[in-house]
Amino acid sequence: MSIIKSYFESEGLSDMQSPDLTLAGSGPKPASVRQATLNREDLPAWSTSQKILFRIAFVFFVLMSLPFNAGWYHNLFTIDWLHLHYRDLYDIARFSPGLGFLRIPRNSWLSLLGYGNWVVLLVIAVLAGFVWSLADSRRRQYNLLYYWLRVIVRYRAGIGIIGFGFTKLFPVQMPYPSLGLLNTHFGDFTAQKIFWLSIGIVPWYQVFAGIIEVAAGTFLLFKRTTTLGAVMLLGALGDITYVNFAYDGGVHEYASYFVLLALFLLVKDAPYIYRLLIQKKVVRPFYIYPQLNGWQKATRYILKGISLFLFLGVLFYVQYINFRYDPYKQPAVKGVSELRGNYEVQVFRINGREIPYNPLDTQRWQDVSFENWSSLSFRVARPGLLDLSNGGGSPMQDVLRSFEITGTAGGRNAFHYFADTLHNVLYMENKNMAGARQGRFKKRSGKAVKDVNRTADRHAVAALWNADSIRELIMNEKYQINPLAYSTRRDREYVRPVLPKTGQMVLHYRALQGGDRVILDGLDINRDSLHIELTRTHHTYYLTPSTLNAGTY
Amino acid sequence: MTNLSEKNPATEASSWRNWEKYGFRFFFIFFALSVLPLSAAYWRNLGAIYWLHISYEDIFDITRYFPWISLAWSGYASLIIIAALALAGASGWALYDRSVCRRKTDLDKLHKWLRIILRYRLAIALLGYGLIKFFPLQAPYPSLSNLNTAYGDFTRWKLFSMSLGIVPGYQRFLGLIEMLSAFLLLNRKTTVIGAGIVIFFTGNVFVSNLAYDNGEGVYSLYLVIIALFLVSFDLGRIYSLLFQQKETLPADDALQWPPGWRANGRLAVKSVLILFFVIFYGAKTYSAYRLGDYYQLPQRKGLPGAAGVYTVSVFKWNGNDLPYAASDTLRWKDVIFENWATLSVGTSRHLVLDSTNKESVATGDLNRKYELSGSGGRQYYDYTVDSIHQALYLHNKNPHYPEDQWTLYYKRQGNKDWLLEGTDKRGNTVQVTLEKLARRYLLKEAAKTGRTELLRL
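Residues numbered from 1 in each chain as written. Chains lettered and ligands numbered in written order. Predicted model: local features only at pLDDT ≥ 70, side-chain atom pairs only at ≥ 80, totals over all residues.

Draft legend 1. How the structure looks around the overall build of chain B. In terms of regular secondary structure, chain B is built from 12 helices and 9 strands. If one aligns the C-alpha atoms of chain B with their principal axes, the spans along those axes are about 95 × 50 × 40 Å. Residue burial in chain B is summarised as follows: out of 457 residues, 39% are buried. (Helix = DSSP H or I, 4+ residues; strand = E, 2+ residues; numbered from the N terminus. Buried ≥ 20, exposed ≤ 12 C-beta atoms within 10 Å, placed from the backbone.)

Okay, structure coming up:
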């Protein structure tokens, strides 16, 4: 891209007077005079190819930088600004490029690893660029429009990366592994999971990465620090893009989106840097800024002020609240206080028949853990259908927060529980949503129909309880986090709570000796009756515990 | 303003402000003391290299010189001591320069020399690491035993290394970036770009060393300091151009080499260095990579046909039959034979770990402890096979358990299972039956099919 190249040789512009434009730092003149105004007509003309390239680039990057899907606007217009949730702002900052009505589905062969939407926009931009070239062929240059295009891209990239960065700055994007995950063998994870966990175990490093991202985004919001911000963005997101390809992380398209925006923002200054630092030649940089009148200036300050206030001020606060009381990938509700920690199964009886310990037994539970939050996890040496998703998203209900089981095998099971502490009953729901996802899979390939049917049968048998029978417990969950973390978004999801229907258990518990011994009685997902006696083990992990814990339990 | 023509650009007049002079003298001494290999141990190691059969590990050690004056505070004390010496030296130097009777030192020329030395020092360091990543040797794929160890039973350092080990392509990408910045540093004009990449890249390495408790923290910090010094030269110009957005003059950092032996000598030295640290070292790392010669993994082959994961279905300790028990610290939980001569036993005992988290290149299988360093939950034994007596002589690789040695007689049972019977050094006897497990790993299965397919494991 050599749009700017012609300015190197331009001289003598600084003496001309006109109220149209501001030209900063041009030409040999006293250092004190750093601004001059000049006529539009006096600016050097762009070559035809520069103009055509610019028109295409303009349409392309505008399309790339603005949201064109109904969901984004729906979120924007339904935000309750007085009872914000971090996700409200995060969803403003996070959208992938693409036209809603032309969006290519993920699984289509046209998706080109997710880059299909970019190609669509590029084709549109090329067509529009040629039409524009015909209609506006006499135009000499687009300096001002170029400035505004950079503003749009800067704000898109800046706000986007700030939204991304805050989930690391307050480390919730990669949670510290739960007990269930700590007890799972290294080979029983997907590569994606291993990468996420490897950041989760070093929360302070995650904070560092978050600071870099937020700083890069902040630099992009100011014109003089744009290049610094773009270099940081390019470095950080270039690495993240590669990480996503290497670990099959699934976010490569969104990460490389920022790489593209960063590269575009570097187009202007890169030739200057090359000329000054590598060719060792003198550089007279050429920057053009519009000269705004009173109300325009006011608008600019207000818009900029709002952006900074929302995405550096408010987002900081709501993200902190999220980290402190409601980390979005981890259940937020405290677990029953006596039921915490790792347990060894002493006695396991199913339908009255006792099964002695054997690590290979396909029915007996082993390795039982109650998390600090409302989850139970255990292992059975029996293969199961796996949920290989990232376990992200923004569910408010704890039962839908599945990071502790996604991408995890080795016979690991994780259940959410609604605890009736008055009657010592746990109403449990399987967190493995592979069964629920099968429907979608079936449509695509028809491969696993047999599995689907079998699981569906089991679910029909297993429905032990439903939203009505324990309505009060379910609705009560909404209030079980710190009131500071209440939000309208949370209220809305609890109006009609979802139960994934992936397998239910009802277990009565007795906690003896402060929970060092626990006795569970009840029905499992197949309506087999269980009697389980647990003893707490005091296993010391070799992995250093986190010194920066999300959530309050 | 004099001549602004492109061929012969004007440069900033090299006038030194006072604080710049003090700063320069400090850094000159600091780097002189830390870059020049003044340590005796380094030369001893160099002398011990068998130059005719030099290995990539030897060259790696050469690239990785660091003045270990003190090991206190993970070696950071070394930098502090050198800084203190430099401070004292710089003060003396300033006094010397101020004394009227003497000729002042030509700081410009010294600075140019220093930049050359630092560029090469940094480039060699990056090549050292870059090539063992580009040909992914730095982090091997996790061993069978490591795949069968619980996540929480590793240290942070080990998890970091294994997480890198599962993605050789990513390792290669990281190596490529290190090599790229090395090449940019070897070329004077692109120095600032190369050093800029190092600040971000190695800066990140430094922070992750702190986070993961790796042993390379002080060394990576040292490399970042060199890069910062190199970039600081252009910092004023970058600020003037990008932030103040005003006309900026380039700088001249080229040392004039008069034609003749000096110019030829320069070319010769540069060629030799590149030949040795790029071409020769590159060929060595490449061939090691092709041969699978990971410096972390033992090389001797294991018991033929035994590699795999076994459950211990029968365990007799001094004749007593112990049933499966989850937290019995005596009973073996399971046994894993690696492809190489290592056997590991799952245990509920809490172990004292062997944690060498430094990039030290070990020779001899017994010293290759990557598989057990930072990994708990299992005891790792190096063994020799006596196929005549059908015996294995086991030796615990963890230095905290020197007495843990076994003589085990082996017998095949069926075509998959094994019977082991023998005694340890203290006279305890065991009889175990090992049944082979058909283990499948999600890590490998998901890599084959992708995460959008249904998997039952």
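Draft legend 2. Quick peek at the overall build of chain A. Assigned secondary structure in chain A consists of 15 helices and 12 strands. Here chain A holds 553 residues, and the buried ones make up 45% of them.

Draft legend 3. Fine view of the domain arrangement of chain A. Residue and element names in this part refer to chain A. For chain A, the assigned domains read domain 1 (5-325) and domain 2 (341-536). Taken residue by residue, the interface counts 23 residues in domain 1 and 26 residues in domain 2. When contributions to the side of domain 1 that touches domain 2 are tallied by element, the ones reaching two or more residues are α3 (86-93), α6 (179-182), α7 (191-200) and α11 (294-325). When residues in the side of domain 1 that touches domain 2 are grouped by element, the largest group, 3 residues, is from α6. (Domains from an automatic or database assignment. Contact = placed C-beta atoms within 7 Å.)

Draft legend 4. Layout of the interface of chain B and chain A. Counting residues at the interface gives 66 residues for chain B, matched by 70 residues for chain A. When residues of the side of chain B that touches chain A are traced back to their parent elements, those giving at least two are α6 (144-147), α7 (156-165), α8 (168-186), α9 (191-212), α10 (217-243) and α12 (442-449) of chain B. No other element matches the 6 residues that α9(B) contributes to the side of chain B that touches chain A. For the side of chain B that touches chain A, a count of residues per class yields 38 nonpolar, 17 polar and 11 charged. (Nonpolar A, V, L, I, M, F, W, Y, C, P; charged D, E, K, R; others polar.)

Draft legend 5. Representation of the domain arrangement of chain B. All names here are of chain B. Here the domain parsing of chain B yields domain 1 (18-291) and domain 2 (308-438). For domain 1 and domain 2, the distance between their C-alpha centres works out to 42 Å. Taken together, the contact between domain 1 and domain 2 spans 20 residues of the former and 19 residues of the latter. Of the residues belonging to the side of domain 1 that touches domain 2, the class tally is 6 nonpolar, 8 polar and 6 charged.

Draft legend 6. Seen up close, the packing of α7(A) against α7(B). Put simply, α7(A) and α7(B) touch, their axes get as near as 10 Å, and they point 150 degrees apart. Relative to α7(B), α7(A) is oriented roughly antiparallel. For the pair α7(A) and α7(B), the crossing hand works out as left-handed. Residues Ile194(A), Phe195(A) and Ser198(A) of α7(A) lie in contact with α7(B), whose contacting residues are Leu159(B), Phe160(B) and Ser163(B). When grouped by side-chain class, the residues that make up the contact of α7(A) with α7(B) number 4 nonpolar, 2 polar and no charged. (Axes fitted to C-alpha atoms, helices over the stretch in contact; angles between N-to-C directions. Parallel < 35°, antiparallel > 145°, perpendicular 65-115°, else oblique. Left-handed = near helix turned anticlockwise from the far one by under 90°.)

Draft legend 7. How the structure looks around the environment of Arg527(A). Along the chain, the position of Arg527(A) falls in the loop between β11 (517-523) and β12 (529-536). In this structure, the C-alpha to C-alpha distance between Arg527(A) and Leu464(A), residues 63 residues apart in sequence, is 8.0 Å.

Draft legend 8. Focus on the pairing of strand β1 (residues 308-317) of chain B. All names here are of chain B. As judged from the 4 bridges shared by β1 and strand β3 (residues 334-337), these two strands associate in the antiparallel manner. Bridging across to β3, Val309 finds its partner in Ile336. Judged from the 7 bridges that link them, β1 and strand β9 (residues 429-436) form a sheet pairing that is antiparallel. Within β9, the position partnered with Val312 by the bridge is Leu434. (Pairing = 2+ DSSP bridges.)

Draft legend 9. Representation of the packing of helix α1 (residues 48-65) of chain A against helix α4 (residues 116-135) of chain A in the model. Residues and elements named next belong to chain A. As a packed pair, α1 and α4 sit with axes 8 Å apart at the nearest point and diverge in direction by 135 degrees. As far as their axial angle goes, α4 and α1 are oblique. By crossing handedness, the relation of α1 to α4 is classed as right-handed. Contact residues: α1 offers Lys51, Ile52, Arg55, Ile56, Val59, Phe60, Leu63 and Met64, while α4 offers Leu121, Leu122, Ile124, Ala125, Val126, Ala128, Gly129, Trp132 and Ser133.

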